[in-house]
Amino acid sequence: DGGITQSPKYLFRKEGQNVTLSCEQNLNHDAMYWYRQDPGQGLRLIYYSQIVNDFQKGDIAEGYSVSREKKESFPLTVTSAQKNPTAFYLCASSNYRQNQETQYFGPGTRLLVL
Amino acid sequence: SQQGEEDPQALSIQEGENATMNCSYKTSINNLQWYRQNSGRGLVHLILIRSNEREKHSGRLRVTLDTSKKSSSLLITASRAADTASYFCATDHTGGFKTIFGAGTRLFVKA
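Residues numbered from 1 in each chain as written. Chains lettered and ligands numbered in written order. Predicted model: local features only at pLDDT ≥ 70, side-chain atom pairs only at ≥ 80, totals over all residues. Heavy atoms only, no water.

1. Description of the overall build of chain A
Formally: Helix and strand assignments follow DSSP, with helices taken as H or I runs no shorter than four residues and strands as E runs no shorter than two, numbered in order from the N terminus. Restricting the calculation to C-alpha atoms gives the radius of gyration, and the globule rule supplies 2.2 Å times the number of residues raised to the power 0.38. Think of it in three bands: with a 1.4 Å probe and only protein chains considered, a residue is buried below 20% of the maximum accessible area for its type, exposed above 50%, and partly exposed in between. Contacts are assigned to residue pairs with any non-hydrogen atoms lying within 4.5 Å of each other. Methods summary: accessible areas were calculated by the Shrake-Rupley approach with a probe of 1.4 Å, and residue burial reflects only the protein chains presented. His residues and chain termini do not enter the charge count, which takes Lys and Arg as positive and Asp and Glu as negative. By convention, the charge on Lys lies at NZ, on Arg at CZ, on Asp at CG and on Glu at CD.
Counting its secondary structure elements, chain A contains 0 helices and 11 strands. Reading chain A from its N terminus to its C terminus gives the helix and strand order β-β-β-β-β-β-β-β-β-β-β. For a compact globule of 114 residues, the expected C-alpha radius of gyration is about 13 Å, and chain A comes in at 13 Å, within 12% of that figure. Principal-axis analysis of the C-alpha atoms gives chain A an extent of 40 × 25 × 25 Å. A total of 114 residues make up chain A; the buried ones form 50% of that total. Looking at chain A alone, contacts between residues at least 24 apart form 54% of all its contacts between residues at least 6 apart. A total accessible area of about 5600 Å² is found for chain A, and carbon and sulfur atoms account for 44% of it. Taking the average location of the 12 positive side-chain charges in chain A and that of its 11 negative ones, the two points are 6 Å from each other.

2. Let's talk about a nonpolar patch on the surface
We count it as follows: Like charges within 9 Å and nonpolar side chains (Val, Leu, Ile, Met, Phe, Trp, Tyr) within 5 Å are joined into patches, using only residues over 30% in relative accessible area that form no salt bridge. Think of a salt bridge as a Lys or Arg side-chain nitrogen and an Asp or Glu carboxyl oxygen that are within 4 Å of each other.
On the surface, A:Tyr10, A:Phe12 and A:Leu114 cluster together into a nonpolar patch covering about 360 Å² of accessible area. By secondary structure assignment, the location of A:Leu114 is in the segment after β11 (109–113).

3. Notes on the interface of chain A and chain B
Much of the literature gives interface size as the accessible area that the parts lose upon coming together. Basically, it comes down to this: When two parts are brought into contact, each loses some accessible area as probed by a 1.4 Å sphere; the total of that loss over both is the buried area. Polar contact criterion, stated in full: a pair of N or O atoms within 3.5 Å, where within protein one must be able to donate a hydrogen and the other to accept it, and residues adjacent in sequence count only if both atoms are side-chain atoms. The residue classification treats Ala, Val, Leu, Ile, Met, Phe, Trp, Tyr, Cys and Pro as nonpolar and Asp, Glu, Lys and Arg as charged. All others, Gly included, are polar.
Taken together, the 23 residues of chain A in the interface contact 20 residues of chain B. Between chain A and chain B the total buried area reaches about 1600 Å² when both faces are included, carbon and sulfur atoms providing 56% of it. Together, A:Leu43, A:Glu101 and A:Phe105 form the three largest contributors to the area buried by chain A at its contact with chain B, with a combined 29%. Seen at the junction of chain A and chain B, the total is 1 salt bridge. A:Glu101 is the partner of B:Arg50 in a salt bridge, and the nearest nitrogen-oxygen pair spans 3.1 Å. Inspection of the chain A/chain B interface yields 6 residue pairs in polar contact (both at pLDDT 80 or more). Residue composition of the side of chain A that touches chain B, grouped by class: 11 nonpolar, 9 polar and 3 charged.

4. What about the side chain of A:Gln25?
Tracing the backbone through its elements, the reader meets A:Gln25 in strand β3 (residues 19–25). Of note is the side chain of A:Gln25, whose polar atom sits 2.8 Å from the backbone oxygen of A:His29.

5. Things to note about the environment of A:Arg13
Residue and element names in this part refer to chain A. Following the sequence through the fold, Arg 13 ends up in strand β2 (residues 10–13). Residue classification places Arg 13 among the buried residues on the basis of a relative accessible area of 4%. Look past the residues within four positions of Arg 13 in its chain and what remains in contact with it is Val 19, Val 78, Thr 79, Ser 80, Gln 82, Pro 85, Leu 111, Leu 112, Val 113 and Leu 114. In terms of polar contacts, Arg 13 uses its side chain to reach the backbone carbonyl oxygen of Thr 79, at 2.7 Å.

6. Digging into the pattern of salt bridges
One pass over the full model with this rule turns up 8 salt bridges over all chains. The shortest N-O distance in the salt bridge between A:Asp38 and A:Arg44 comes to 2.8 Å. You can call A:Asp38 buried: its relative accessible area is 15%. With a shortest N-O distance of 2.9 Å, B:Asp83 and B:Arg60 are connected by a salt bridge. Of this pair, B:Asp83 sits in the loop between β8 (71–76) and β9 (85–93) while B:Arg60 sits in the loop between β6 (55–58) and β7 (61–66), and the two are 23 residues apart along the sequence. Its relative accessible area of 24% is what places B:Arg60 among the partly exposed residues. A cluster of three or more residues bridged by salt bridges with shared partners is formed by A:Arg36, A:Asp38 and A:Arg44.

7. Focus: unusual backbone geometry
Here A:Ser7 and A:Pro8 are connected by a cis peptide whose omega angle stands at -10°. For A:Pro8, the location among the structural elements is in the loop between β1 (4–7) and β2. Between B:Asp7 and the following residue, B:Pro8, the backbone shows a cis peptide bond with an omega angle of 0°. Position of B:Pro8 relative to the elements: it lies in the loop between β1 (5–7) and β2 (10–14). Phi at A:Asn53 takes a positive value of approximately 65°, unusual for a residue other than glycine.

Here it is as structure tokens:
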């Protein structure tokens, strides 16, 4: 099955702790994205990557970090500097090089602070 | 902000009725997309309309785009309880790479 997966489904963070959210895709897409969604709100872009070994800050990058060492993987680390991390995190990918702007989303990870 | 705005924020209708949602945006676009999100899930792409198109259909969905008014509408005909979800418009703007998502319309279809 082709698709995009995220793990874990739920994640708990303690004060001062860094946590990493996983995102994997087997769609052979060049571009990958991380969004944050707060209750009843739309999506806000955290980071995006157009190609391996390259990524750009989105609108709310502070307190987050990413890496793109492999085409299929784009993990997001929520650092202790992110003071309000409780949210629903969505990863997506797209094949923009083929003018296919449609984004394919994973099922999301809900992060809760203990 | 370039973020699109959906209207209404929430909509409640009876099964079988039509549902219309609107989206407005601020700057020139290459295309506009509509996505659906069931509660606690990821988004699913519904339809894409390019800036040179005025109307597009897909099954029970009809999307219109008016670039002069910088607005789009999504019509769901003969709604079903299973259509209950949040619907987001998303715009790809000229000269940019990022897709901008609106805050969404929450649709409730009562059986």
